Amino acid sequence: MLIKSQKDFFSGLMFTVVGASFAYGATSYSVGSGGRMGPGYFPLLLGVILAILGAAVMFKALVVETPDGEKIGKWAWKPLVFIISANLLFGILLGGLPSMGIPAMGLIAAIFGITIVASLAGDDFRLKEVLVLSVVLSIGSYLAFIVLLKLQFPVWPTFIAG
Amino acid sequence: MELFDNLALGFGVAFTFQNLIYAFIGCLLGTLIGVLPGIGPVATIAMLLPATYALPPVAALIMLAGIYYGAQYGGSTTAILVNLPGESSSVVTVIDGYQMARKGRAGPALAAAGLGSFFAGCVGTLILAAFAAPLTEVAFKFGPAEYFSLMILGLIGAVVLASGSLLKAVAMIVLGLLMGLVGTDVNSGVARFSFDIPELTDGIGFIVIAMGVFGYGEIIQNLSQPDEDREVFTGKVQGLMPTKEDFKNMIPAVLRGTTIGSLLGILPGGGALLAAFAAYTIEKKTKLKKGELPFGQGNIRGVAAPESANNAGSQTSFIPLLTLGIPPNAVMALMVGAMTIHNIQPGPQVMTSNPELFWGLIASMWIGNLMLVILNLPLIGMWIKLLTVPYRWLFPAIVLFCAIGVYSTNNNTFDIWMVAGFGVIGYMFIKLGVEPAPLLLGFILGPMMEENLRRAMLLSRGDWSVFVTRPLSASLLAAAAVLLIIVLLPAVKNKREEAFVED
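Every value quoted in this text rests on a predicted model; they were computed, and no experiment measured them.

What follows is about the overall build of chain A. Check the secondary structure of chain A and you find six helices and zero strands. Moving toward the C terminus, one meets the helices and strands of chain A in the order α-α-α-α-α-α. At 24 Å, chain A has a C-alpha radius of gyration far larger than the 15 Å of a compact globule built from 162 residues. If you line up chain A on its principal axes, its C-alpha atoms span 60 × 50 × 30 Å. With 162 residues in all, chain A has 40% of them scored as buried.

Before going further, it helps to examine the overall build of chain B. When helices and strands are counted, chain B shows 23 helices and two strands. For 503 residues, the compact-globule estimate of 2.2 N^0.38 gives 23 Å, and the C-alpha radius of gyration of chain B, at 22 Å, lies within 12% of that figure. Oriented by its inertia axes, the alpha-carbon framework of chain B measures out at about 70 × 50 × 50 Å. Counting across all 503 residues of chain B, residues that qualify as buried make up 60%. Considering only contacts within chain B whose residues lie at least 6 apart along the sequence, 80% involve residues at least 24 apart.

In this section: unusual backbone geometry. Residues and elements named next belong to chain B. Backbone geometry places Asn343, a non-glycine residue, at a positive phi of 60 degrees. For Arg461, which is not glycine, the phi dihedral falls at a positive 55 degrees. Looking at where Arg461 falls in the secondary structure, it is placed in the loop between helix H20 (437-459) and helix H21 (466-469). We classify Arg461 as exposed; it has 11 C-beta atoms within 10 Å.

By a frequent convention, interface size equals the accessible area lost on bringing the separate parts together. The interface of chain A with chain B comprises 59 residues on the first partner and 54 residues on the second. Where the side of chain A that touches chain B is concerned, the elements lending two or more residues are helix H1 (6-26), helix H2 (41-63), helix H3 (77-95), helix H4 (107-119) and helix H5 (127-148) of chain A. Broken down by class, the residue content of the side of chain A that touches chain B amounts to 36 nonpolar, 17 polar and six charged.

Bringing the nonpolar core into the picture now. In this structure, Ile83 and Ile114 of chain A together with Ala210, Met211 and Val399 of chain B are the most contacted members of the largest nonpolar core, which totals 229 residues. A total of 17 residues in this core trace back to one element, the largest contributor, which is helix H4 (residues 57-82) of chain B. Inspection of this core shows a minimum of three residues originating in each of domain 1 (6-63) and domain 2 (77-157) of chain A.

Residues and elements named next belong to chain B. For helix H10 (residues 244-266), which comprises 23 residues, the first-to-last C-alpha distance of 33 Å matches the rise-based estimate of 33 Å (1.5 Å per residue) to within 8%. Of all bends in H10, the biggest is about 30 degrees, found at Met250, and the proline Pro252 comes one to four residues later. Those residues of H10 that fall on the buried side of the exposure criterion are Asn249, Met250, Ala253, Val254, Gly257, Thr258, Ile260, Gly261, Ser262, Leu264, Gly265 and Ile266. Where H10 is buried, its residues contact helix H6 (106-140), helix H11 (272-285), helix H12 (301-316) and helix H13 (318-324).

On domain assignment, one finds that chain A holds domain 1 (6-63) and domain 2 (77-157). Placing a centre on the C-alpha atoms of domain 1 of chain A and another on those of domain 2 of chain A gives a separation of 39 Å.

So, about the packing of helix H5 (residues 93-102) of chain B against H6 of chain B. Residue and element names in this part refer to chain B. Running from N to C, H5 and H6 cross one another at 145 degrees; their axes reach a closest spacing of 7 Å. Taken together, the residues of H6 that come into contact with H5 (itself represented by Thr93, Gly97, Met100 and Ala101) are Ala106, Pro108, Ala109 and Ala113. Across the contact of H5 with H6, the residue classes break down as six nonpolar, two polar and no charged.

Structurally, Val373 of chain B can be placed in helix H16 (residues 355-376). Spatially, the C-alpha atoms of Val373 of chain B and Tyr73 of chain B are 8.3 Å apart, while their sequence positions differ by 300 residues.

A word on H12 of chain B. With 16 residues, H12 of chain B should cover 22 Å at 1.5 Å per step; its first-to-last C-alpha distance of 22 Å lies within 8% of that length. Burial analysis of H12 of chain B places 16 of its 16 residues in the buried class, the great majority of the element.

Residue and element names in this part refer to chain B. Here chain B shows a mean pLDDT of 82. Residues at 70 or above account for 93%. Mean pLDDT values for the elements of chain B range from 58 in helix H23 (residues 490-501) up to 91 in helix H19 (residues 414-432). Model confidence for the complex: the whole-complex pTM is 0.82, and ipTM, which rates the interface, is 0.90.

So, on to the packing of H3 of chain A against H19 of chain B. Any two packed helices are characterised by the angle at which their axes cross and by the distance between the axes. Where H3 of chain A contacts H19 of chain B, the axes come no closer than 9 Å and their chain directions differ by 170 degrees. Taken as axis vectors, H3 of chain A and H19 of chain B run roughly antiparallel relative to one another. Between H3 of chain A and H19 of chain B, the contacting residues are Leu80, Ile83, Ile84, Asn87, Leu88, Phe90 and Gly91 of chain A on the first element and Ile416, Trp417, Val419, Ala420, Gly423, Val424 and Tyr427 of chain B on the second. Taken together, the residues of the contact of H3 of chain A with H19 of chain B sort by class into 11 nonpolar, three polar and no charged.

About the thresholds
- Residues numbered from 1 in each chain as written.
- Chains lettered and ligands numbered in written order.
- Predicted model: local features only at pLDDT ≥ 70, side-chain atom pairs only at ≥ 80, totals over all residues.
- Helix = DSSP H or I, 4+ residues; strand = E, 2+ residues; numbered from the N terminus.
- Rg over C-alpha atoms; globule rule 2.2 N^0.38 Å.
- Buried ≥ 20, exposed ≤ 12 C-beta atoms within 10 Å, placed from the backbone.
- Contact = placed C-beta atoms within 7 Å.
- Nonpolar A, V, L, I, M, F, W, Y, C, P; charged D, E, K, R; others polar.
- Core = buried A, V, L, I, M, F, W, Y, C linked by C-beta atoms within 7 Å.
- Domains from an automatic or database assignment.
- Expected span 1.5 Å × (residues − 1).
- Bend = angle between axes of the 7 residues up to and from the residue.
- Axes fitted to C-alpha atoms, helices over the stretch in contact; angles between N-to-C directions.
- pLDDT = per-residue confidence, 0-100.
- Parallel < 35°, antiparallel > 145°, perpendicular 65-115°, else oblique.

In structure tokens, the structure reads:
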């Protein structure tokens, strides 16, 4: 059987898998009865409904004709990888990773990290511009979040600020 | 009149120096993100939520509300001058607005959008003030069964009126409901689906979901598309004033747009986007006068009607939130979160327990609309400059603000790892062609639905018929069923698909 709509087929598959997993997970909690619902009742019910809906979406994707096959298309790996790693780098620089012995480097270092890596996601990377942007964003964030809003951030690396 | 006393109280609250400043900041930010394509009110409000911790609740809500309706004003500027919707609700404004700009009539187009929005905003605020009190009365008659049915109606309404596949939208709601259940169950104290991760026992933060899916997901999608050639009318926009002829055409369109927008805003699932679509469709059906340009070639009605409608809709969509505590769209779902952060349980009791918040928010909307006209018409030059800022400077800043916002909710890096995961999921949703807005609605309503279902079933001793034997509950469910049947009718189904393809 040919898949008539790739997008629908895989989204249906996703719904079914996620729904079934939730339903399976819910059985490990007490389900209870309609009058006295346990913590597993509602998630089990919803999980089953989601799995059925997903199956219906998949079925439709196999049966209903679409003009172009509704292909998912290429994944944009470059922006995906750079944006997500920029975000992760921000977390590592800001708070450190105690489990791996990486010290916290603070907000300013984190801003430089996230801005530079995120900029790599674009088509047009100009180092000088990105550095200027990092400086502007650092000063702006420091004023807005630390001075004005008084949010609790480690601003400088722990080995300097102590 | 009680209404006037209440409004007087509201204006008293809204006219304090602090609240005026926050209303202004909200409107300014709203216009800013409205003008900038690629960032919407959902991501912005999510980003700023943590920053409002330190503020008093009234000021926080006034500012966040300002972002939402401010974005409706700003979006039209980009639509008219750049041929890109700055905001999703300005999609239809692009059609005639850009044509007007190309013919050198950008000024009147901007004025039509701004003045129409202002009028609609005033009417929307009045409707909100007038209807809130009686609706709240009704809401007090609601028991758990009614609330459960109301949420069903709300969720069904949200998908019926949204674009795209109905089945997938319903599935997204259920997925959202399930994700909302992650964390400690309030009744039994059992930590559900937390995989023994301590941070997950508090549940997934909705800021994390909103930011990951709406913020990161969309940035990745924007970057994956090649740079479009933007033709920006940076030249001076001259002569803002529409001609007498323009006014004659505009006024009935503004009136129609306002009416449609106000009505659709109240409906669950409604709000700014749908209102704009419906208003444009109706204008197109109305006969052209002699000497009027056809639609699609720069008809001023094609700008005035949808812009009035989206602004009216964005005001009246506060009605279900403030009276029933049920969010009709994703932005309102975030407002629920904002209220909970400040220890205000959304629902009918807000009006009696926090009258200064309730009426202050309403009054601030009118003031905000006035500020927006001033911000958007005389100061238009400033926003035009902003449009020339390249995206490669903007998106790293957006990524940074998302990350800072996420971290500051709990001062915990765990949220940053989570938002990375939801960023990937958000991009996957875009690739699979599923809309994320219903997910967020379901996520917010999940715990509420479970709680009301449990209570209703406990009271009925496990008898499911309670939902159809109580008249109010039964009529709410019937309304939901009717909505579903209507969209599944072949004639309506085709029309619905047609309406959303047209852009």
